[in-house]
Amino acid sequence: MALISTILALRKDARILKLPPYLSALCILVGVVWLLVLPLNEYSRNTYVSENALLPGQVHTYFTGSEHNIFRAYRHEVAALADKSVPDRNQRLSEILRSSNLKVATQKYSYATSGRNISNENVYAILQGPRADATEAIVLIAAWTNMDGEINHSGVALVLTLARYFKRWSLWSKDIIFLISGDSTSGPQAWVDAYHDSHSPDTIEPLSIKSGALQGAIAIDYPAGPWGHRYDKLHVVYDGVNGQLPNLDLFNTAVSVASGQMGIGCTLQRMWKHDDSYKERLQTMLRGMISQGLGHASGPHSSFIPYHVDAITLQTVGDGWHDEMSLGRTVESLFRSLNNLLEHLHQSFFFYLLLQANRFVSIGTYLPSAMLIAVNFSITSIALWVASGRAGKLPNPASTAPPSTPGEKSTSSPSKTTPMTLAEKDGALALIPTELLQTTERALFLPLAFVLATHFLGLLPLYIFNNTPSTYLSPVFNLVALLTSLLPFLTSFGLKQFSRPTAQETTLIQCFSLLLLGMFLAALATLNFSLSFLIGIATSPLTFVRRSNNKAISAVASLLLAVLNPVVVIRAATFFFGQDLVKVLVQAAEGWHVWGLWTQVVVWLVWWPAWFAGSVVASEGLFA
Amino acid sequence: MLSSLAFLLVTALIACASASSDYYERLLLRPLPQSTVLASFNFRSNESADAFEHQNFRYFPRSLGQILQHARTKELHLRFSLGRWDAESWGQRPWNGAREGGTGVELWAWVEAQNEEEAFARWLTLTNALSGLFCASLNFIDATKTIRPVMTFQPEGHHANSSNLHLLHGTLPHEVVCTENLTPFLKLLPCKGKAGISSLLDGHKLFDASWQTMSIDVRPMCGPDGRDCALEMEQTVDMVLDVDRSKRPRDNPIPRPLPIEEIECDTTKGYNAGDTCYPLDKSAEPAWNLTEIFGRPLKGACPLTDETGEGSYPVCINTPPERTIEVNTTGQYEEAKLASDTVRCYKLPTGADFDLILPQQRMTTGLILASPQLFAARSINGHGQERGSVQAVIKNPSSTHAVEFVYLEALPWFMKPYLHTLRARVDTSRENPVKETYYRPAVDRKRGTHLELRMVIPPSSTLTLTYDFEKAILRYTEYPPDANRGFDVAPAVIRLINPQSVDNKGIYIRTTSLLLPLPTPDFSMPYNVIILTSTVMALGFGNIFNLLVRRFVGIDEVQTGDAGGLQGVIRGKLERLIAIFKRG
């Protein structure tokens, strides 16, 4: 009891309100350090294949010999199609697939985004498993052009050769679908949407033939021309749209087959050189987080993951001594493993950060990092709520020190005599500061209206960026950058004209804004850890911004926040990573319309309102 | 000696038994495109109704006969199937689809009973007995998997008293048909796979086929005046063999890449070189023979077949007349040409191996395959754990005739369709194609959904049927104990009403089965939770129970010495009683 009463007494202590900023800072610090220790051996684990049925690399592969001659011929055929129109190309590809006795169909699709029209055609063939019952299928994809826009010569030729080769086997327990999509992102998306009948039938053709439930998908990206190119390593791309990841078992199987059975090194996140040092592990992890945070499609496989179809892309990189047949055998072995599956992939992890090809951190270990950063906003928000309920600075009645130090600027009157009230209870008398007995009313209307309006205001740039033609994107972006940078100052100047907000209202604005931010980020951390973490870091200064009557402090804070404007951050990030801004914006719009990308929703409806509210609070001091 | 004995037996049978009590077998081979061969085995044995009633079994197997008598089953249809019939390449189905079932096991029967309860009880008897006979899980056909179709199935036999006949139908789409089902199937035959065409049936090849179905049909057949009734049992095995795959030796079944010398390259291609080869389609019909593709030789005629007439030519092959066919046998055989030489039938030698050899041959004419009256495909749309939709696409390829058919859907109870979302659209007309609906909703854990639709498709049109459904959450004991990929939904059955079939068997088409993934809990997690909570409960309960029940007394309060033993206990109790009364 004694402990409880001590804590209750502490609640009234003014010093308790001083604690939250330090607590928040501690949360941020621990959150960041937590992430930095993850690459250490003590906090990460070696990968392992969890699903027993997969048995990676346990079968002999026979994709050699005369298949190589046929592959070379198909590669020449593909090269001859490079300049042909889409219908001519697909007609020839259909012919080749049909000559392997497969069921072939095509699918036209077109999307309109950013004033452009993406239209192309997919061609796909179904190998009906000789003894299968059409209830399950696995997909082998080769996009006609890869993510860099190069023609996937050898990849398409390899799929054609493998289709012919797989047809001879009788052991398939699932159907195999060979998909040659028109491009790497919208083509697979149109196909997988239509497969699950969630496409818009006006612009996307439905699939004329279908098979059973998709159990996995492997994409091949091997853009070597008609004379081939020997590669050094396989780059395994695994990021899905919105940062969703495939089951770790699929990734592990691919790595285990490629490196264990075929002796091909595996790499990820464009880390061409990886010596397994701390720095490289951290770099791999951070690259993975940025890619996950952006949530863009990273290959033909990305579109499959939202439908709970585990998928990866195998990309050949470097100059080495591995040839197309070793890639073919890798795919063969991988398909033999997937063919063994008795259930949908579910055993292993769906949430992980990879440090190198066979080392990972699981969600239980890394999640606290983003959660701590999200919690820091909630702590500050609660502290601000409590602060808003207190009239002003009260001297500690028990304190023997003078009630206010001379240097401190206090909103309450600095008079030495505090008005006191005499209270009587059960015959006992007590002197209590009058202010403590008065209830402070919170003026909720303006803060709530302001925060809600800010969040709805975010819809405007969201709409503009998703629907502006690509030619106008650059000026529109600059205009939005200018407007959003000026808007906080204009807003606080405008509000000052009505001599609002009061100090309490300012505190409440910040309180609600941070409360929402903390809630959103905590929820987001469970869905897309990386995005939540990155936004949490970018918004962390908002915790420490307070309304100040000092113009210099206000100016510095406003300037600092102006740099952290999401629009400015995006501009700086594209500059830093050497990306073309318009291209990024076009991709984002394509993501919104085609892939169902949610990143811009988070940016404009979570990050930007929080930043805006913080900036308004900071700039109020300028017009005080 | 043996053959002469068999001859005597056959002649004796023909002399004594009525014309209907005979045995007939036939194998029809038909090469299909893409170097495949359709082999249709057909065995028919008759038993007069009189002999059957008196349990006098001759060709009719006693094991099955007694089951039918015990379960009062008047007509029985049992199907074991595997794989898919590729209607686009292979054309019309053998027997117009009347002798095939959906993937897995399908059983329907007309049972004689006074009321529905009795019929169902007899049906359970039947399924349990057949389950033992055919080594299949037929006993799992319970009330939830049984339906009573109204329009889809018609009796094939002649039933004098059809008012108290009950039709029951059950499917096991997940049942994997394998060798253990073939062995009892062969044992029902009079020659038991030792002679005649049944000697070709080998489990390895049969179950490596691209599509195969085994069927058993028992029906009463009567003469035109309703007399001379006989019970006819028909057993068929239809399989589509991939010639290349079947020809691979059993000890080396791996399809290794051929040596490059054996691949026909397209030398007209500019890039053709020693290391680059564009493979040409094999335009020639592949070479094959019976021994190679069935894995064992045909061991002469079954001695029970007729000596003369149609039944004496049990092996037939349907090829263009120009196809070279050589016969390899040490015994005597006869060849008969039918249907303007496109069908060649052979009378088998007795006691000597018989083989047909078809060499590789470049053909100028091909066989014309009859086009199927309908194409049907069915799939599950949507994704997620909660709901989905089923889409059936039925196409009428005929440009002149509308097709009327019945569509039967039997869904498990945990797949709950919303009938108000049922939409049937025809792409060429706005008219509603559904003419009649029979619907019996599911009852949780009691019975499944039964939906029958009578529909009409105009010529060269496509009918799309969709409906939404919701997935139920099962109790944890209702999940299968081992690894599973989801639950199988039985194939839809389509029966054509118009155009009608020429015989009374009907024209049937079955779609493929569907895979229904249900929300599956991570079973290890509740296990962990149970273990953890049990431990916590045990620790907490122990401590709290101790605190509550145990009386803590100071050491000086404990009475010592003299008042021990039984006397002390009684005194203690008395004192407590007195204290209670005083307080009260």
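No experiment lies behind these values; they were computed from the predicted model shown. (Residues numbered from 1 in each chain as written. Chains lettered and ligands numbered in written order. Predicted model: local features only at pLDDT ≥ 70, side-chain atom pairs only at ≥ 80, totals over all residues. Heavy atoms only, no water.)

### Here we look at empty space enclosed by the protein
All names here are of chain B. One pass over the structure, following the stated rule, counts 6 cavities of 30 Å³ or more. Space inside the largest cavity adds up to approximately 50 Å³. Residue lining of the largest cavity: Gln92, Arg93, Asn96, Pro372, Gln373, Ile507, Tyr508 and Ile509, and that is the complete set. Partitioning the lining of the largest cavity into residue classes produces 4 nonpolar, 3 polar and 1 charged. (1 Å grid on protein atoms, 1.4 Å probe; cavity = no way out; pocket = protein on both sides within 12 Å on 5 of 7 lines; lining within 4 Å. Points joined across faces, edges and corners; volume = space filled by probe spheres on them. Nonpolar A, V, L, I, M, F, W, Y, C, P; charged D, E, K, R; others polar.)

### What to know about the side chain of B:His77
Residues and elements named next belong to chain B. Counting through the fold element by element, His77 comes out in strand S3 (residues 73-83). Here the side chain of His77 touches Asp217 through a polar contact of 2.4 Å, side chain to side chain. Once residues lying within four places of it in the same chain are set aside, the contact partners of His77 are Glu106, Leu107, Trp108, Trp110, Glu156, Ile216 and Asp217. (Helix = DSSP H or I, 4+ residues; strand = E, 2+ residues; numbered from the N terminus. Polar contact = N/O pair within 3.5 Å; in protein donor to acceptor, adjacent residues only side chain to side chain. Contact = heavy atoms within 4.5 Å.)

### Some thoughts on the packing of helix H3 (residues 62-70) of chain B against helix H5 (residues 116-134) of chain B
All names here are of chain B. Contact geometry for H3 and H5: axes closest at 9 Å, N-to-C directions at 165°. Classed by the angle they form, the pair H3 and H5 counts as roughly antiparallel. Between H3 and H5 lies a crossing of right-handed hand. Taken together, the residues of H5 that come into contact with H3 (itself represented by Ser63, Leu64, Ile67, Leu68 and His70) are Thr125, Leu126, Ala129, Leu130 and Leu133. For the contact of H3 with H5, the residue count by class is 7 nonpolar, 3 polar and no charged. (Axes fitted to C-alpha atoms, helices over the stretch in contact; angles between N-to-C directions. Parallel < 35°, antiparallel > 145°, perpendicular 65-115°, else oblique. Left-handed = near helix turned anticlockwise from the far one by under 90°.)

### A few points about the sheet that holds strand S15 (residues 375-381) of chain B
Residues and elements named next belong to chain B. In space, the 4 strands of this open sheet follow the order S15-S16-S21-S18, with antiparallel pairing throughout. Lying at the two open borders of the sheet, with one neighbouring strand each, are S15 and strand S18 (415-426). Taking the axes of each pair of neighbouring strands and ignoring which way they run, one obtains an average angle of 15° across the sheet. As paired strands, S18 and strand S21 (residues 461-471) are joined by 8 bridges and run antiparallel to one another. Bridge pairing in S21 links Arg423 to Thr466. (Pairing = 2+ DSSP bridges.)

### Description of the pattern of salt bridges
Residues and elements named next belong to chain B. Evaluated as defined, the whole model comprises 40 salt bridges over all chains. Measuring nitrogen to oxygen at the nearest pair gives 3.1 Å for the salt bridge that ties Glu118 to Arg122. On the criterion of helical spacing, the pair formed by Glu118 and Arg122 is a turn pair, its members being 4 residues apart in helix H5. Residues joined in a network through salt bridges with shared partners are Arg79, Arg99, Glu156, Asp217, Arg219, Glu232, Glu234 and Lys505. (Salt bridge = Lys/Arg side-chain N within 4 Å of Asp/Glu carboxyl O.)

### Remarks on the side chain of A:Glu343
For A:Glu343, the position within the fold is in the loop between helix H9 (324-340) and strand S10 (352-356). It turns out A:Glu343 is buried and unbridged, and the closest side chain with the opposite charge, B:Arg485, is 10 Å from it. Aside from chain neighbours lying at most four places away, what touches A:Glu343 is A:Gln215, B:Ala483, B:Asn484 and B:Arg485. (Buried < 20%, exposed > 50% of the residue type's maximum accessible area, 1.4 Å probe, protein only. Lys, Arg positive; Asp, Glu negative; His and termini not counted.)

### Topic: the interface of chain B and chain A
If you look at the interface, chain B gives 43 residues, while chain A gives 42 residues. When the buried area of chain B at its contact with chain A is split by residue, B:Arg84, B:Pro257 and B:Arg485 rank highest and sum to 18% of it. Our count for the chain B to chain A interface comes out at 6 salt bridges. Between A:Arg72 and B:Asp275 there is a salt bridge, with its nearest N and O atoms 3.8 Å apart. Linking chain B with chain A are 21 residue pairs in polar contact (both at pLDDT 80 or more), by the criterion used here. Counting only elements with at least two residues in the side of chain B that touches chain A, the list comes to helix H4 (87-90), S15 and strand S25 (514-516) of chain B. Here the side of chain B that touches chain A is built from residues that sort into 16 nonpolar, 15 polar and 12 charged. (Buried area = accessible area lost by both parts, 1.4 Å probe.)

### Quick word on the UniProt feature "transmembrane region" (unreviewed entry) in chain A
Residue and element names in this part refer to chain A. When the UniProt feature table is mapped onto this chain, "transmembrane region" (unreviewed entry) is found at residues 21-40, 366-387, 443-464, 476-495, 552-577 and 597-618. End C-alpha atoms of residues 443-464 are separated by 34 Å, and the span's content is 86% helix alongside 0% strand. The span residues 476-495 carries 100% helix and 0% strand; its end-to-end C-alpha distance comes to 27 Å. (UniProt positions renumbered as here; feature names shortened; annotations may be inferred.)

### Topic: the packing of helix H12 (residues 445-457) of chain A against helix H15 (residues 503-527) of chain A
All names here are of chain A. Across the interface, H12 lies against H15 with an axial gap of 8 Å and an inter-helix angle of 45°. The orientation of H12 with respect to H15, classified from their angle, is oblique. By crossing handedness, the relation of H12 to H15 is classed as right-handed. For the pair H12 and H15, the contacting residues are Leu446, Pro447, Leu448, Phe450, Val451 and His455 in the first and Glu505, Leu508, Ile509, Phe512, Ser513, Leu516 and Phe520 in the second. Looking at the contact of H12 with H15 residue by residue, the class counts come to 10 nonpolar, 2 polar and 1 charged.

### Structural notes on the environment of B:Ile457
All names here are of chain B. Counting through the fold element by element, Ile457 comes out in strand S20 (residues 449-457). Residues Ile457 and Phe43 lie 414 residues apart in sequence; the distance between their C-alpha atoms is 36 Å. Contacts of Ile457, omitting those with residues within four sequence positions, involve Leu374, Ile394, Asn396, Ala402, Val403, Phe405 and Leu463.

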